[in-house]
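Structure at a glance
If you want the building blocks of each chain, they are given just below.
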Amino acid sequence: MITNEIIECFLNCDYKVYLKINNETGIKHEYVILQEKILQSNKDRFYNKSITGYTNNHVLQDCILDITNIPKDVCFIIRPKVKNQNYDILMDAIEVNSDKKSRNKVVYIPILITTPDKFTKKDKLYLCIKSLIFSKFTGIEYEYGKIIFGYELNSLKFKLKPYEKEALRIIKNLSLEFDSAEPIIYQKNHCKLCEFSDACHKKLVEKD
């Protein structure tokens with residue numbers, strides 16, 4: 001099953017995906033654990049800030065997303081999910097706005113929340129991948145994405161289109177990963193923070 005974790009792993013290292021889908025476990029780096037706590041804190045603060053001033057009718061939370069189950073007056077969808085036998089994908093949030101050009105049209109903007117004060121192309125690509133999967137399930141088209149980053153919860157809105165070609169290729173490759181042989185292992189920048197760093201280093205030494 002393709003999950004948020006599997007997508008994130010693939011963006012860092014395809015060998016890590018191989019280990020994950022074969023139920024291997026490692027030891028998380030202390031820095032990674034700290035970043036996960038900070039990320040959850042950022043998410044909580046963003047959610048509280050986003051729903052301030054809205055009634056329950058304007059906020060939809062923790063739902064399996066379906067375009068038919070979105071109430072007319074919703075402004076924010078928090079932690080929506082799409083799921084079937086092949087996918088289990090969670091989005092941090094989706095902002096819902098009326099189109100400035102056409103009041104009858106609704107604009108959906110998927111949101112990714114990150115911890116660093118700087119975002120990367122990988123963040124944009126990750127959000128684009130999830131947006132395409134959501135679009136496939138729900139029929140909702142996403143023109144823009146939004147990244148919330150850093151302690152100050154800074155915001156960047158960007159067009160998803162430039163990242164779609166690469167995102168579609170990754171989605172296709174992810175599906176093939178579950179039937180593929182063990183990929184070639186080699187050292188990457190991600191290794192220093194990876195839970196499998198010790199095990200992989202041992203294999204690399206054996207292969208000289």
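Residue positions are given per chain, counting from 1 as you read along its sequence in written order. Whole-chain, interface and lining totals are the exception, using all residues; otherwise, since this is a predicted model, local features are given only for residues with pLDDT of at least 70 and side-chain atom pairs are given and counted only at 80 or more. Only heavy atoms go into the side-chain values, all of them from the structure, while hydrogens and water stay out.

**What about the environment of Thr-52?**
Structurally, Thr-52 can be placed in the loop between helix H3 (30-51) and strand E2 (59-61). Burial here depends on accessible area, computed with a 1.4 Å probe over protein chains only, as a share of the maximum for the residue type. Under 20% is buried, over 50% is exposed, and the range in between is partly exposed. Residue class for Thr-52 comes out exposed when judged on its relative accessible area of 60%. Polar side-chain contacts of Thr-52 include one of 2.7 Å to the backbone oxygen of Asn-48. Helix and strand labels come from DSSP, where a helix needs a run of H or I of at least four residues and a strand needs a run of E of at least two; each type is numbered from the N terminus. Nitrogen and oxygen atoms within 3.5 Å of one another constitute a polar contact, given that in protein one can donate a hydrogen and the other can accept it, and given that sequence-neighbouring residues count only through two side-chain atoms.

**Re the side chain of Asn-42**
Note that Asn-42 resides in helix H3. The class for Asn-42 is buried, based on a relative accessible area of 1%. Two residues form a contact once any of their heavy atoms are found within 4.5 Å. Ignoring anything within four residues of it in the chain, the contact list for Asn-42 reads Ile-113, Thr-114, Thr-115, Gly-150, Tyr-151 and Leu-153.

**Quick look at the sheet that holds strand E7 (residues 106-114)**
The pairing criterion is simple: DSSP has to find at least two bridges between the two strands. Here 6 strands make up an open sheet; going across it, the order is E2-E3-E6-E7-E8-E9 and the pairing mixed. Both edges of this open sheet fall to E2 and strand E9 (154-159), since each of them pairs with a single strand only. Sheet twist, expressed as the mean angle between neighbouring strand axes with direction ignored, is 20 degrees. Bridge analysis of strand E8 (residues 144-149) against E9 gives 6 bridges, and the strand direction is antiparallel. The residue bridging Ile-147 from the neighbouring strand is Leu-156, located in E9. Axes, fitted as lines to C-alpha atoms, cover a helix only where it is in contact. Angles between the N-to-C directions of the axes lie from 0 to 180 degrees.

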